[in-house]
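Structural characterization, general
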Amino acid sequence: MYELEEKIRQLQQWVDESERIVFFGGAGVSTESGVPDFRSVDGLYHQKYDDPPETILSHTYFSRKTEAFYRFYRDKLLPRGAQPNDAHKKLAELEQAGKLTAVVTQNIDGLHQKAGSRNVLELHGSVLRNYCQRCHRFFGVEAIEQSQGVPKCECGGIIKPDVVLYEEALDDTVTYQAVEHIRKADMLIIGGTSLVVYPAAGLVNYYNGHRLVLINLQPTPYDRYADLTINEKIGQVFRQIHV
Ligand SMILES: [Zn+2]
């Protein structure tokens, strides 16, 4: 455990010294809030679904099998009362203290904003925003939660979540902002992601500094590029950091 204490001390020192921290996070940030990784497939999954998650969450599947898409979506992607954990809260505090410029996230659950973070760059969109495909009217998450089958607008159009599905392109503006923040960062903390999911690895390459921290329970292929690697639960790590 001594090694872990040393690493936390190093992390704290860099946090203290940095002024433009950027956090880049993935599914592991939200698992401690009880939001399961939708990619996890077990025996129960195969009883309920015939297709893998990546197929169901594709643009083609949404267009052709909208009802089946929404069955999976309501079951697996809605955060349903999940609350921010210590990682979300500490990142919000770092931003309020003027030390963190952006949270870049692959998550779509809105938990960073719920914790108080303001500049959150959601690479894959958010389940909290939904739009009518015909008249573009906005709907909150409750429109999806409280409806059954295919959610529809009063105009008759189908409501689609503002979530980047497989086969769909990322939002250029959000990606550009993420690149700019990472490029100017004096510290980059990557957490809760194995970094194998596009575009995570590509974005990390824009970081120029010498405080690249990787916090992930399991080792990742990028551990050797990091200046500091902590294989721990991310909430437990941030709980020990003081702003
Ligand atoms: Zn409409």
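Structure: above.
What comes next concerns the included structure. (Residues numbered from 1 in each chain as written. Predicted model: local features only at pLDDT ≥ 70, side-chain atom pairs only at ≥ 80, totals over all residues. Heavy atoms only, no water.)

1. With respect to the coordination of the zinc ion
Every protein donor of the zinc ion is accounted for by C132 (SG), C135 (SG), C153 (SG) and C155 (SG), and the metal-donor separations fall at 2.2 to 2.3 Å. Around the zinc ion, the four donor atoms are arranged such that angles at the metal cover 99 to 120°; this shape is classified as tetrahedral. Judged by relative accessible area, which is 7%, C153 ranks as buried. (Donors = N, O, S within 2.8 Å, 3.2 Å for Na, K, Ca; no water. Tetrahedral: all angles 85-135°; square planar, octahedral: opposite > 155°, others 65-115°. Buried < 20%, exposed > 50% of the residue type's maximum accessible area, 1.4 Å probe, protein only.)

2. Focus on helix α10 (residues 172–184)
A rise of 1.5 Å per residue sets the reference length of α10, with its 13 residues, at 18 Å; its end C-alpha atoms lie 18 Å apart and thus fit the reference within 8%. Inspection of α10 places V174, T175, A178, V179, E180 and I182 among the buried residues, and these make up the whole buried set. Of the residues flanking the start of α10, the one acting as N-cap is D171, its side-chain oxygen 2.8 Å from the backbone nitrogen of T173. (Helix = DSSP H or I, 4+ residues; strand = E, 2+ residues; numbered from the N terminus. Expected span 1.5 Å × (residues − 1). Polar contact = N/O pair within 3.5 Å; in protein donor to acceptor, adjacent residues only side chain to side chain.)

3. Quick look at the sheet that holds strand β2 (residues 100–105)
Taken in spatial order, the six strands line up as β3-β2-β1-β7-β8-β9 in an open sheet, and their pairing is parallel. Strand pairing shows two members of the sheet lacking a second neighbour, β3 (120–122) and β9 (228–230), which therefore form its edges. Neighbour to neighbour, the strand axes of the sheet diverge by 15° on average, direction disregarded. Here helix α1 (residues 2–17) sits on the sheet and contacts β1 (21–25), β7 (187–191), β8 (212–215) and β9; the angle it forms with β9, its principal contact strand, is near 125°. Lying over the sheet, α10 contacts β1, β2, β3 and β7, oriented at roughly 130° with respect to β3. (Pairing = 2+ DSSP bridges. Axes fitted to C-alpha atoms, helices over the stretch in contact; angles between N-to-C directions. Contact = heavy atoms within 4.5 Å.)

4. Things to note about the packing of aromatic side chains
Applying the stated criterion to the full structure yields eleven aromatic pairs. Ring centres of Y45 and F72 lie 6.2 Å apart, and the angle between their planes is 80°; on these two criteria the pair is classed as edge-to-face. Of this pair, Y45 sits in helix α3 (residues 43–48) while F72 is found in helix α6 (residues 66–76), placing the two residues 27 residues apart along the sequence. Side by side, Y45 and F72 carry an identical accessibility label, which is buried. Seen from their ring centres, F62 and F69 are 4.9 Å apart, and the 90° between their planes marks the pair as edge-to-face. Taken individually, F62 and F69 each receive the classification buried, so the pair is uniform in this respect. Joined through ring pairs, the aromatic side chains of F62, F69, Y70 and Y73 make up one cluster. Directly above the ring of F62 sits K160, whose terminal nitrogen or CZ lies 5.5 Å from the centroid. (Phe/Tyr/Trp six-rings, centres within 6.5 Å; stacked < 30°, edge-to-face > 60°. Lys NZ or Arg CZ within 6 Å of the ring centre and 35° of its normal.)

5. Brief notes about unusual backbone geometry
Its identity is not glycine, yet R80 carries a phi of approximately 45°, on the positive side. By the secondary structure assignment, R80 is in the loop between α6 and α7 (86–96). Note on R80: relative accessible area 49%, which makes it partly exposed. For H136, which is not glycine, the phi dihedral falls at a positive 65°. Structurally, H136 can be placed in the loop between β4 (125–132) and β5 (138–139).

6. Here we look at the sheet that holds β5
Taken in spatial order, the three strands make up an open sheet running β5-β4-β6, and their pairing is antiparallel. Unpaired on one side and paired on the other, β5 and β6 (159–163) mark the two borders of the sheet. Both β4 and β5 contribute to a ladder of two bridges, which runs antiparallel. Opposite Y131, over in β5, you have F138 as the bridge partner. Where α6 meets the sheet, its contacts fall on β4 and β6, and the angle it forms with β6 comes to roughly 50°.

7. As for the pattern of salt bridges
When their charged atoms lie close together, side chains carrying opposite charge are able to pair. All told, the structure shown has twelve salt bridges when counted by the stated rule. With a closest N to O distance of 3.5 Å, E154 and R137 form a salt bridge. Of this pair, E154 sits in the loop between α9 (142–145) and β6 while R137 sits in the loop between β4 and β5, and the two are 17 residues apart along the sequence. One network of salt bridges, in which partners are shared, links E122, R129 and D162. (Salt bridge = Lys/Arg side-chain N within 4 Å of Asp/Glu carboxyl O.)

8. Some words on α1
A rise of 1.5 Å per residue sets the reference length of α1, with its 16 residues, at 22 Å; its end C-alpha atoms lie 23 Å apart and thus fit the reference within 8%. All of the buried residues in α1 are L4, I8, L11, Q12, W14 and V15. For α1, the arc enclosing every buried residue in end-on projection is 165°, short of the 170-degree limit, so these residues lie on one face. Exposed and oriented more than 90 degrees from the buried face of α1 are Y2 and E3. Contacts from the buried residues of α1 go to β1, α7, β7, β8, β9 and α12 (234–239). (Arc of directions from axis to C-beta.)

Function cannot be inferred from these measures alone, as they are strictly geometric.
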